[in-house]
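Read off the chains here:
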Amino acid sequence: MAKTNLIAGLDIGSGKLTCIAVAYDAETNMLKVMAGRSVPCKGLRGGMVSDIRETSAAVTHILGSIERECNHEISNLFIGMRGAHLESFSNHGTYNISRLDKEITQADMDLAVENAKAMPIKNDNEIINVITQGYSIDKQRGITNPEGMEGSLLEVDVHITTGSSTHINNLAKAIQRPGYKIDGTFYSLVPLADCVLTQEEKEIGALILDLGGETMSVGIYIDGILKFSRDIPYGCDLITSDLSRLLHTSRQHAKEIKEKYGVSFPTFLDEEGEIPVPSLDGRSTHNIKKSYVLDIIQPRVEELMEQVAHCVDTSGYKNFPVVGVVTGGGSLMPGITDHCVNILGLKEVRRGIVQRDLIISDDAFFDPQYSTAMSLAIYAATNADEEYAGGSYDKESSVFGKLGKWLKGVDIFGG
Ligand SMILES: Nc1ncnc2c1ncn2[C@@H]1O[C@H](COP(=O)(O)OP(=O)(O)O)[C@@H](O)[C@H]1O
Ligand SMILES: [Mg+2]
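Quick notes on the rules
- Residues numbered from 1 in each chain as written.
- Chains lettered and ligands numbered in written order.
- Predicted model: local features only at pLDDT ≥ 70, side-chain atom pairs only at ≥ 80, totals over all residues.
- Pairing = 2+ DSSP bridges.
- Helix = DSSP H or I, 4+ residues; strand = E, 2+ residues; numbered from the N terminus.
- Axes fitted to C-alpha atoms, helices over the stretch in contact; angles between N-to-C directions.
- Contact = placed C-beta atoms within 7 Å.
- Near = placed C-beta within 6 Å.
- Nonpolar A, V, L, I, M, F, W, Y, C, P; charged D, E, K, R; others polar.
- Domains from an automatic or database assignment.
- Core = buried A, V, L, I, M, F, W, Y, C linked by C-beta atoms within 7 Å.
- Buried ≥ 20, exposed ≤ 12 C-beta atoms within 10 Å, placed from the backbone.

S.K.: Is there a simple way to explain the sheet that holds strand 18 (residues 348-351) in this structure?
M.R.: As a general point, the strands of a sheet are linked pairwise by backbone hydrogen bonds and lie either parallel or antiparallel. Spatially, the five strands line up as an open sheet ordered 14-13-12-17-18, and their pairing is mixed. Lying at the two open borders of the sheet, with one neighbouring strand each, are strand 14 (225-232) and strand 18. In this sheet, neighbouring strand axes are inclined to one another by 15° on average, regardless of whether the strands run parallel or antiparallel. As defined by bridge partners, strand 12 (residues 206-211) adjoins strand 17 (residues 323-327) across five bridges and the pair is classed as parallel. When the sheet's bridge partners are listed, Ile208 is paired in strand 17 with Val325. Docked against the sheet, helix 8 (residues 290-313) engages strand 12, strand 13 (216-222) and strand 14, running at close to 40° with respect to strand 13.

This is the structure:
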């Protein structure tokens, strides 16, 4: 297969892998989705590898089929990880410019960031991402790029994510085993929040909630800066388990019922009707009222939202988010945004997908289930001229308006 600048974002999900591959489109001067796919993976639990062989097989399957569909090799692969082992901190770094020439250089900025990274990290943990959120020069805040400006005291705000080296290494092994090279690893919420929230939402104070199968990720933006991020090790597959147990049906059928008929708020119960439920052995069906499905789903969704509320309460930023954006597969449940308004006390909540002006894509991929994979690819591609160091990646805060230099000069599949 020919070499090309095909950039893939691989979302390491709950029990599945989701991948979006993008390339630069010279005609429109934009990124374009070339292929996207999601495959089940039995080797993952809550975003962590529980079986390397199963995960490697799923990686081979999904990346192989993306490459065949594009008829090109993936040139850069970026991984989005999640899980309760991840921890995020906001930190502050300073650097005194004591030279006579006070013009700030990239090296000064790097040193300020290095100082911000000097913080205690748990044993067996390592830094995954350091996001530069903004600089100040001689106490003047709100400077996005101080290079070339004059000053004596350079300060920087960063958001740092750390994770368990064991989990990170197992994930890397599972991906490298079939021969793929990882160009960068992100905590998946970071690109997601960047690509799904609007700049206005980030400024006013926004909560992003990624509702997955086995995890929920919570991020809080204040004054345009990601202040807090955390993963909660529960998700919407619990609704599936409840339906399966209480309706005496298989998990697969319970999942189908949830996704087809499930609503979590009474106002979304459009008509009183009955739903066929296959028995556990699949040999017979019995009918239940739609309202019974709501009766099962509603308390579980409320419980999940209470967990999110608890996470926000302990974040130290409880009263800051004004608006909310829910994404991920679980956001497709009708009524979910109403729970966010009621339980999280937000003024306005919307369902979120990647902002359409960031990328050209078939409508099928502008779907909350693809939000993470698509954000990963966009985030990596738009920052591709930055340095990727080891498994981690330092970047400036916003992806908007930037397109990696090395990517931009190359036509889609231009070799
Ligand atoms: N239409 C739907 N209504 C309700 N829940 C849904 C719907 N579609 C998907 N889900 C749920 O979303 C969860 C998966 O979220 P997703 O973001 O796709 O995966 P991951 O956990 O890998 O991030 C599952 O619990 C799934 O049943
Ligand atoms: Mg998801």
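S.K.: Help me understand the site of ligand 1 in this model?
M.R.: Near ligand 1, the surroundings consist of 20 residues, among which Gly13, Ser14, Gly212, Cys236 and Gly329 are the closest. Broken down by secondary-structure element, the contributors of at least two residues to the shell around ligand 1 are helix 6 (237-247) and helix 7 (251-261). Here the shell around ligand 1 takes three residues from helix 7, the largest share from any one element. Looking at the shell around ligand 1, its residues break down into three nonpolar, eleven polar and six charged. In terms of domain composition, the shell around ligand 1 takes at least three residues from each of domain 1 (1-85 + 162-197 + 355-415) and domain 3 (199-353).

S.K.: What should I look at first to understand the domain arrangement of the protein chain in this one?
M.R.: Accessible area lost when the parts come together is the quantity often used to give the size of an interface. The assigned domain composition of the protein chain is domain 1 (1-85 + 162-197 + 355-415), domain 2 (87-161) and domain 3 (199-353). Each partner contributes to the interface: domain 1 provides 22 residues, whereas domain 3 provides 27 residues. Elements represented by at least two residues in the side of domain 1 that touches domain 3 include exactly helix 4 (189-196) and helix 10 (371-382). Looking at the side of domain 1 that touches domain 3 element by element, the count peaks at five residues for helix 4. The residue makeup of the side of domain 1 that touches domain 3, split by class, is ten nonpolar, nine polar and three charged.

S.K.: Whenever I open this one, the nonpolar core confuses me. Can you help?
M.R.: General note: in soluble globular proteins, nonpolar side chains tend to be found buried as a group. Grouped together as the largest cluster of nonpolar side chains are 111 residues, with contacts concentrated most on Ala8, Ala21, Val22, Ala377 and Ile378. Here this core gets nine residues from one element, more than from any other, and that element is helix 8. Contact partners of Ala21, with chain neighbours within four places excluded, come to Leu6, Ile7, Ala8, Met34, Ala35, Ile66, Cys70, Ile74 and Ala377.

S.K.: Honestly, the sheet that holds strand 6 (residues 76-81) in this entry has me stumped. Any pointers?
M.R.: If you walk across this open sheet you meet the six strands as 11-6-1-2-3-19, and the pairing is mixed. Whereas interior strands pair on both sides, the edge strands pair on one side only; in this sheet they are strand 11 (184-187) and strand 19 (359-360). Of the strand pairs in this sheet, strand 3 (residues 30-40) and strand 19 are connected by two bridges, and their pairing is parallel. For Leu31, the partnering residue across the bridge sits in strand 19 and is Ile359. Relative to the sheet, helix 10 contacts strand 1 (7-12), strand 2 (16-25), strand 3, strand 6, strand 11 and strand 19, its axis offset from that of strand 1 by approximately 140°.

S.K.: What's the story with the environment of Thr161 in this structure? I'm lost.
M.R.: In this structure, Thr161 sits in strand 10 (residues 153-164). Expressed as a C-alpha distance, the spacing of Thr161 and Leu86, which sit 75 residues apart in the sequence, is 6.7 Å. Other than its neighbours up to four places away in sequence, Thr161 contacts Leu86, Ser88, Ile128, Asn129, Tyr187 and Ser229.

S.K.: Help me understand the pairing of strand 6 in this model?
M.R.: The side chains of a regular strand alternate, residue by residue, between the two faces of the sheet. Counting buried residues in strand 6 gives six out of six residues, a clear majority hidden from the surface. Residues Asn76, Phe78 and Gly80 line one face of strand 6 and the alternating positions Leu77, Ile79 and Met81 line the opposite face, and both faces are buried. Sheet topology places strand 1 next to strand 6; five bridges connect them, and they run parallel. Bridging from a neighbouring strand, Asp11 pairs with Gly80 of strand 6. Relative to strand 11, strand 6 runs parallel, the two being bridged by four bridges. From the neighbouring strand, Gly80 faces strand 11, where its bridge partner is Phe186.

S.K.: Is there a simple way to explain unusual backbone geometry in this structure?
M.R.: Leaving glycine aside, a negative phi is the common case for residues, and trans is the common case for peptide bonds. The phi torsion at Lys139 lies on the positive side, around 75°, for a residue other than glycine. Structurally, the position occupied by Lys139 is in the loop between strand 8 (125-137) and strand 9 (140-143). You will see that Asp223, though not glycine, has its phi angle at about 50°, which is positive. Topologically, Asp223 is positioned in the loop between strand 13 and strand 14. Assessed through the 14 C-beta atoms surrounding it within 10 Å, Asp223 is described here as partly exposed.

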